Amino acid sequence: MGLFTRDTQAIFWNNNRSAIQRMLDYDYIIKREKPSVAAIVAPTSSNKFDKFFFGTEEVMIPIYRSTEEAAKAHPNADVLLNFASFRTAYDVTMDALRFPQFKTIMITAEGIPERLARIMNKTAKDKGVLIIGPATVGAITPGAFKVANIGGTIENIVKSKLHRPGSCGLVTRSGGLFNELSNIIALNADGIADGVAIGGDRFVGSVFIDHLLRMEKDPNVKYMLLLGEVGGREEYKVIEAVKNGQITKPVIGWCIGTIAEHFSSGVQFGHAGASANADEETAVAKNRAMKEAGIHVPDSFNDLPHVIKGVYEQLKGEGVIQDIEEPEVPPIPEDYAKALKAGKIRKPKNFICTISDDRGEEATYAGYPISSVATPDTGKTIGDVISLLWFKKVYPRWAVDFIETVIKTVADHGPAVSGAHNAKVTARAGKSVVESLVTGLLTIGPRFGGAIDGAAKYFKYAHDNNMSPKEFVNYMKKQGIPIPGIGHRIKSVRNPDKRVEGLKKFAAEHFPATPLLDYALEVEKLTTSKKDNLILNVDGTIGILMVDMWRALGYSEEEIDEFIESGTLNSFFILGRTIGFIGHVLDEKRLGMPMYRHPFDDILYDVQKAEEIK
Amino acid sequence: MAQRAIREYDGKRLFAENWDKYFAPLKYPFESVLVTSGEELKKKAEEPGFEWLKQKPLVAKPDMLFGKRGKNNLVLFKINKPGDVTLEDAAKWIDEKRNQETTLLSGQKGVLTHFIVEPFTPHSEDEEYYIAATTLDENYDVLYMSAHGGVEVEENWDKVVEVKIPIDASDEEIEKIIKENIPADIPEDKKETYANFAVNFYKFFRDLNFAYLEINPVVIVGDNVYLLDLVARLDDTAGFMMKDVWGDVEFPTPFGMPEKSPEEEAIAEADAKSGASLKLTVLNPKGRIWTLVAGGGASVVYADTIADLAGGVEDLANYGEYSGGPTTDETRFYTETVLDLMTREKDPEGRDKILIIGGAIANFTDVAKTFTGIIQAFEKYADKMKDVGTRIYVRRGGPNYEKGLKDIKEAADRLGLPIKVFGPETHITDIVRMAIEDDKAKA
């Protein structure tokens, strides 16, 4: 019996997606019926399952918060693949040992404290549970079950004949060299029947002899290969077993680390477990002792292939090993991302983005890394960010400053305006910031805040069409529309709006020219001559100056019309006023005001009895 | 790493900091200082709490992870007669010793830099006990106890009692096992004190994650315990749990071992910051064969094979590895460091330098990605590599290896660097054979 069968199922501790996908890909090419991963344990996950490919289809693998839940729900899963970090791997193993269903626990973490590793290994041994690792890539029974990443990519697995049983039993310490050995065995013999990388830490749960004795009894294993390492005495247990006849099948052996001979001390060659404390722990001494015991030992690692070939061909000649009929391997559908990267496939895009890009090392705003515009030392402001993200241009300083001035100017206008009122009422109904905010924002439109758009639109229309101020006033009168951007509730010629004064002053000092504002001021002269408060108000000034700004920046009239039509001007108001609305909502939250109910006496009730229609 | 030696001073500091928890009502008068010069010692004597340096006769010895200091004549405990060493004497002695190279009986050579200074504790030889513990075996710890401590303990090893303590033993079991095995030749009136000390010594050893701890000798006078000489190794993998208990513990380079070169230091620093593994040891900076090998096991196999096929190690310049999926940048930095070292000097005999870019079949490291880092380093060092005459041999497999091999071949051809490139169909170390055979063909 190999270590695993085609029915073996594992619980995978930690949602290591790529390793799990590789297991399912393996299952698919060897045509397993059930996926080899029954469940995932992920203590911090809020998902109930994760999706993985099984060939071209997708399967759902359940996720549990604890090993206990997973074990209860999947009583047939007898392998735990412990992919926890070195900090928690011990706790995960000890926890799993409470459940007798686990027969094998594989631990990948490297550098578990030695005392904890020893306790973990001993506890498992006392309970008859096989530990593989720590510090390993795991084990494989070709054609039945493969642990996580062992064997590498699917292409390599097929090349190294790890997708179907061969006749060698392979045990290594190193995980990287396990793949290599599988490849060498596939090139020079017929692949492996069972294989384990026992792990590189000083104290591992199962050692060479444990696996070799198991393989001795496994009829599918015809000969064995042991790849040891300098340090420790584990190889001597194997030598002893060969000498006393416990192992009768041919064994090929090699210990790496012969280089250590040449250096007195201090240089650590290889794994934590790999340092010779005594002469007989050196690689050279162990290789010599193996050879003396009748194990097939090459003269150097470079000669290992010849030794493997020799043993394999002899066993084949003796009829111990038969020819293998190679199974058909269904192709694994190529991964979309990989195929795309390789330029093999294409697909039409559903969305287009022309303003920002988050695919590189750092996300960019219209080609500028965020860090280049974010911190104060860059000298950039919100106005710069708006010029990049809204207009995909780097505006000159005066334009950026103007945008910023507009944002600040429209940020709030007190609690009584309809948007702020709505936001406050919603906040008092116990809704969240975002819910309260949008109820405020939803009032912005033709009547509330819309004057910016309207002013820009109508003044520009009049100006473009060379209407005199008088013609324009008459035109609007004929249309029956009050001129947008004209008029204020209290402010007047004698009591001017300071915000408007500020904007006008800034424009006069910094704008190259303000033809539309100049025109609007002529219009204002006419309107204020009729009524004192029909002044150019703040919304009007902003809308009109925006048009002047764009003209000065070299935009065509068509482009500016498109800005107005697409609601760009209104956007300045929405953005600025959001600051104020959020202020009102947070204010309500802090005040803890109760739900608002409008008083009866503020409502004119005029309810007639409904007329019945027959 | 795993088990790493600490200074005697740090070992005693750990005892002192945890004394009451383990050893009360016994007392440990912790009077030790660690200094690097006579001047530092004299300065220390002026600090509050260190008046004893001026008041008591002193003992001074190097604290640099090597033993047999007495036999090496490196313990200052007398000028004319034992116990007459003053602060001035100790300071003068330290300054003498630290300014010259010292060769130990073992043949290790180096400059002494760190000294431990303590009060002289008069005691008779039969008060010198021995105690040690180790984690050598997977199933049990071993506690060593003897009534015959001191410099001759090895000669008296047959009198040492070895007690095996199962790693999962409960405190009661531990107590029972140890108390049943107290050496018979410990005097009756000291037996109970020694036994209690031994039990708590083991618990201290276990709880603080020591891998090895030896006190030789330990002297018990009344309630006072004197730890006269101490050797200790900690299991540094437990560091993440022991941060608060260990405090600022130092893992020094063993005496006689060359300090790390700046290049090795830089790689070690990059390694500490990275989730991947980057290791570099320069064996011979004038060596001709340089290796850039992915993976811990593979790096050993390449070093083995170079020694086997090149007839020794004088040509082997470095040992090291990059693995665990390093980023392109990390690989570039690692490669640049190796190339920089390799191209500093031409071979005195005018032979080519050989660069082995090797590795097994990777499990998950993206070969093309790591090779991009190597190629970037080639671009920077191509001229220098040509100056010293570099031949490159590549062998690698794993995710995306075809692209990696194609890219590196194209880059080397473009830069005019001689290169041979192989994938998993070629035996992992066969490029070493090819490199050496090409040498012979050239010569």
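Just so you know, these numbers come straight off a predicted model, no measurement behind them. (Residues numbered from 1 in each chain as written. Chains lettered and ligands numbered in written order. Predicted model: local features only at pLDDT ≥ 70, side-chain atom pairs only at ≥ 80, totals over all residues.)

Scanning chain A for helices and strands turns up 23 helices and 16 strands. A compact globule built from 614 residues should have a C-alpha radius of gyration of about 25 Å, whereas chain A, at 39 Å, is more than 25% larger. Along the three orthogonal principal directions, the C-alpha set of chain A runs to about 120 × 60 × 55 Å. Counting over 614 residues, chain A shows a buried share of 45%. Expressed as a percentage of contacts within chain A between residues at least 6 apart in sequence, the contacts between residues at least 24 apart total 72%. (Helix = DSSP H or I, 4+ residues; strand = E, 2+ residues; numbered from the N terminus. Rg over C-alpha atoms; globule rule 2.2 N^0.38 Å. Buried ≥ 20, exposed ≤ 12 C-beta atoms within 10 Å, placed from the backbone. Contact = placed C-beta atoms within 7 Å.)

Attention now moves to the overall build of chain B. Secondary structure assignment for chain B yields 13 helices and 18 strands. Each principal axis of the C-alpha atoms in chain B carries an extent, and together these give about 80 × 50 × 40 Å. Within chain B, counting contacts between residues at least 6 apart in sequence, those at least 24 apart form 72% of the total.

Take the domain arrangement of chain A next. Residues and elements named next belong to chain A. Annotation of chain A at the domain level lists domain 1 (10-317), domain 2 (349-399) and domain 3 (400-591). Spacing between the C-alpha centres of domain 2 and domain 3 amounts to 25 Å. Each partner contributes to the interface: domain 2 provides ten residues, whereas domain 3 provides ten residues. Residue assignment for the side of domain 2 that touches domain 3 shows that the elements contributing at least two residues are α13 (382-391) and α14 (397-409). Here the side of domain 2 that touches domain 3 gets five residues from one element, more than from any other, and that element is α13. A class-by-class count of the residues in the side of domain 2 that touches domain 3 yields five nonpolar, three polar and two charged. (Domains from an automatic or database assignment. Nonpolar A, V, L, I, M, F, W, Y, C, P; charged D, E, K, R; others polar.)

All right, on to the domain arrangement of chain B then. Residue and element names in this part refer to chain B. The domains assigned to chain B are domain 1 (3-30 + 124-246), domain 2 (33-119) and domain 3 (262-442). If you average the C-alpha positions of domain 1 and of domain 2, the two centres end up 25 Å apart. The interface of domain 1 with domain 2 comprises six residues on the first partner and eight residues on the second. Taken together, the residues that form the side of domain 1 that touches domain 2 break down as four nonpolar, no polar and two charged.

All names here are of chain A. If you trace the six strands from one edge of the open sheet to the other, you get β9-β8-β11-β10-β12-β13, paired in mixed fashion. The sheet terminates laterally at β9 (145-146) and β13 (251-256), the two strands that pair on one side only. Sheet topology places strand β8 (residues 138-141) next to strand β11 (residues 192-197); three bridges connect them, and they run antiparallel. Looking across to β11, one finds that A139 is bridged to V196. Relative to the sheet, helix α6 (residues 175-188) contacts β10 (168-172), β11 and β12 (223-229), its axis offset from that of β10 by approximately 155 degrees. (Pairing = 2+ DSSP bridges. Axes fitted to C-alpha atoms, helices over the stretch in contact; angles between N-to-C directions.)

Okay, the interface of chain A and chain B next. Counting residues at the interface gives 43 residues for chain A, matched by 47 residues for chain B. Counting only elements with at least two residues in the side of chain A that touches chain B, the list comes to α4 (114-126), α5 (154-159) and α6 of chain A. For the side of chain A that touches chain B, a count of residues per class yields 14 nonpolar, 21 polar and eight charged.

Here we come to the sheet that holds strand β14 (residues 356-357) of chain A. Strand pairing in a sheet is mediated by backbone hydrogen bonds. Such pairs are either parallel or antiparallel. Reading across the sheet, the three strands line up as β14-β15-β16 (chain A) and stay open at both edges, with antiparallel pairing between neighbours. In the strand order of this sheet, the two ends are held by β14 and β16 (368-369) of chain A, each with one partner.

Moving on, we come to the packing of helix α17 (residues 451-464) of chain A against helix α20 (residues 515-530) of chain A. All names here are of chain A. Between α17 and α20, whose axes approach to 10 Å, the crossing angle comes to 95 degrees. Here α17 is positioned roughly perpendicular relative to α20, judged by the angle of their axes. Counting all contacts with α17, which are made through F459, K460 and H463, the residues of α20 involved are L516, Y519 and A520. Within the contact of α17 with α20, the residues separate by chemical class into four nonpolar, one polar and one charged. (Parallel < 35°, antiparallel > 145°, perpendicular 65-115°, else oblique.)

Another aspect to go through is the pairing of β8(A). Covered by surrounding structure in β8(A) are A:G138 and A:I140 together with A:A139 and A:T141, the residues of both alternating faces. The turn linking β8(A) back onto β9(A) is made up of three residues, and A:G143 within it adopts a positive phi angle of 85 degrees.

One broad trend across soluble globular proteins is that nonpolar side chains are buried collectively. Counting 160 residues, the largest nonpolar core has A:I11, A:L81, A:L225 and B:I356 as its most contacted members. Broken down by element, this core gets its largest block of residues, eight residues, from helix α11 (residues 367-387) of chain B. In this structure, A:A451, A:A455, A:L534 and A:I544 belong to the second largest nonpolar core, which totals 42 residues. (Core = buried A, V, L, I, M, F, W, Y, C linked by C-beta atoms within 7 Å.)

At 3.6 residues per turn, the α-helix brings residues three or four places apart onto the same side. All names here are of chain A. Look at helix α19 (residues 498-510): 18 Å from first C-alpha to last across 13 residues, which is about the 18 Å you get at 1.5 Å a residue. Considered for burial, the residues of α19 that qualify are V500, L503 and A507. Seen end-on, α19 carries its buried residues on one side only, within an arc spanning 65 degrees. Away from its buried face by more than 90 degrees, α19 exposes K498, E501, K505, A508 and E509. (Expected span 1.5 Å × (residues − 1). Arc of directions from axis to C-beta.)

Bringing the environment of B:L76 into the picture now. Residue and element names in this part refer to chain B. Its location among the elements puts L76 in the loop between β3 (58-62) and α4 (87-98). A residue is classified by how many C-beta atoms lie within 10 Å of it, and L76, with 21 of them, is buried. Residues L76 and I94 lie 18 residues apart in sequence; the distance between their C-alpha atoms is 9.2 Å. Setting aside anything within four residues of it in sequence, one finds L76 in contact with V59, A60, K61, V85, A90 and W93.

Here we take up the environment of A:H74. Residues and elements named next belong to chain A. Position of H74 among the secondary structure elements: in the loop between α2 (67-73) and β5 (79-82). Here H74 falls in the partly exposed class, since 18 other C-beta atoms lie within 10 Å of it. When near neighbours in sequence (up to four residues on either side) are disregarded, H74 contacts Q9, I11, A38 and A39.

Residue and element names in this part refer to chain B. Viewed as axis vectors pointing N to C, helix α9 (residues 296-309) and helix α13 (residues 430-442) meet at an angle of 30 degrees, and their least axial separation amounts to 9 Å. Pair α9 / α13 crosses with right-handed handedness. Residues Y302, T305, I306 and L309 of α9 pack against V432, R433 and I436 of α13. Looking at side-chain class alone, the contact of α9 with α13 contains five nonpolar, one polar and one charged residues. (Left-handed = near helix turned anticlockwise from the far one by under 90°.)

Next up on the list: the environment of B:T327. In this fold, B:T327 is placed in the loop between β15 (318-323) and α10 (328-342). Sequence separation between B:T327 and B:G275 is 52 residues, and the spatial gap between their C-alpha atoms is 9.6 Å.

So, on to unusual backbone geometry. With an omega of 10 degrees, the peptide bond between B:A24 and B:P25 qualifies as cis. Structurally, B:P25 can be placed in the loop between α1 (8-23) and β2 (33-35). In this structure, B:P217 follows B:N216 across a cis peptide bond, with omega equal to 0 degrees. Here B:P217 is to be found in strand β10 (residues 210-221). One non-glycine residue, A:K161, lies in positive phi territory at about 55 degrees. By the secondary structure assignment, A:K161 is in the loop between α5 and β10.

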